[in-house]
Amino acid sequence: MSSRTSPISQPITIRRAVARDAKRLTRLVRGSGAYEGKYAAAVAGYRVGPDYIEAHRAFVAVGADEHGGRVLGFYSLVLAPPELDLLFVADEAQGRGIGRLLVAHMQSEARAAGLDRVKVVSHLPAEDFYHRVGAVRTGTALANPPAVPWDRPKFEFRIPSD
């Protein structure tokens, strides 16, 4: 079984991101294989700073290893207006259910915050992922050159109350 399709083989913990995670999260965004080639410019100067982490509900998925835990992915939930602003899984950890775990955690956080919907503007290569985890396509975000010179699919997670 390849590493892209193997189930999670180590314990995964999801915890609140802290300021000292900022550099690791920035590296994860900038190093994402989903943003290679024509998409590279969208994240070339992107920075997840300590101020961003403090201002939003950012959570990291950490895998237990000999170094005391490695960030395998993260997400950021903005409450007003409700939006899944960032969701990244390290390239080498994709296909192991970590993205699905992060989405389930985000939905739980959204529910706890009293939200009934969370929108997301998807990166084109992530469109199938959002379909698989239950997001509903709601439209298209039009290109916004020069930052994002392509249209992107818009989705919504519907958050059922308990």
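Located above this text is the structure these notes cover.
Everything in this summary refers to the structure shown in the same document. (Residues numbered from 1 in each chain as written. Predicted model: local features only at pLDDT ≥ 70, side-chain atom pairs only at ≥ 80, totals over all residues. Heavy atoms only, no water.)

**Focus: the overall build of the protein chain**
The number of helices and strands found in the protein chain is four helices and seven strands. For the protein chain, the succession of helices and strands along the chain, N to C, is β-α-α-β-β-β-α-β-α-β-β. Taking 162 residues into account, the globule formula puts the C-alpha radius of gyration at 15 Å, and the protein chain, at 15 Å, falls close to it. For the C-alpha atoms alone, the extent of the protein chain along its principal axes is close to 45 × 45 × 35 Å. When the 162 residues of the protein chain are sorted by exposure, 40% land in the buried category. Of the accessible surface of the protein chain, which amounts to about 8800 Å², a share of 52% is contributed by carbon and sulfur atoms. (Helix = DSSP H or I, 4+ residues; strand = E, 2+ residues; numbered from the N terminus. Rg over C-alpha atoms; globule rule 2.2 N^0.38 Å. Buried < 20%, exposed > 50% of the residue type's maximum accessible area, 1.4 Å probe, protein only. Areas by Shrake-Rupley, 256 points an atom, 1.4 Å probe, with all protein chains shown as cover.)

**Topic: the layout of surface pockets**
Estimates place the volume of the largest pocket at around 1000 Å³. The wall of the largest pocket is formed by 38 residues, among which Y35, L87, H123, A126 and Y130 lie closest to the centre. For the lining of the largest pocket, the secondary structure elements donating two or more residues are β4 (83-89), α3 (98-112), β5 (117-121) and α4 (127-132). Residue contributions to the lining of the largest pocket peak at seven residues, all from β4. Classifying every residue of the lining of the largest pocket gives 23 nonpolar, seven polar and eight charged. Considered as a void within the structure, the second largest pocket measures approximately 210 Å³ in volume. Secondary structure elements with two or more residues in the lining of the second largest pocket: α1 (22-30) and β3 (70-78). For the lining of the second largest pocket, the element with the highest residue contribution is α1, accounting for three residues. Split by residue class, the lining of the second largest pocket holds three nonpolar, two polar and five charged. (1 Å grid on protein atoms, 1.4 Å probe; cavity = no way out; pocket = protein on both sides within 12 Å on 5 of 7 lines; lining within 4 Å. Points joined across faces, edges and corners; volume = space filled by probe spheres on them. Nonpolar A, V, L, I, M, F, W, Y, C, P; charged D, E, K, R; others polar.)

**Section: unusual backbone geometry**
With the exception of glycine, the majority of residues adopt a negative phi angle, and the majority of peptide bonds are in the trans configuration. Going from A80 to P81, the amide bond is cis rather than trans, its omega being -10°. Relative to the assigned elements, P81 resides in the loop between β3 and β4.

**Quick notes on the environment of R15**
Among the secondary structure elements, R15 is positioned in strand β1 (residues 12-16). Assessed through its relative accessible area of 27%, R15 is described here as partly exposed. Spatially, the C-alpha atom of R15 lies 29 Å from that of R152, the residues being 137 residues apart in sequence. Dropping the residues within four chain positions of it, R15 is found in contact with D21, R24, A58, F59, V60 and V62. (Contact = heavy atoms within 4.5 Å.)

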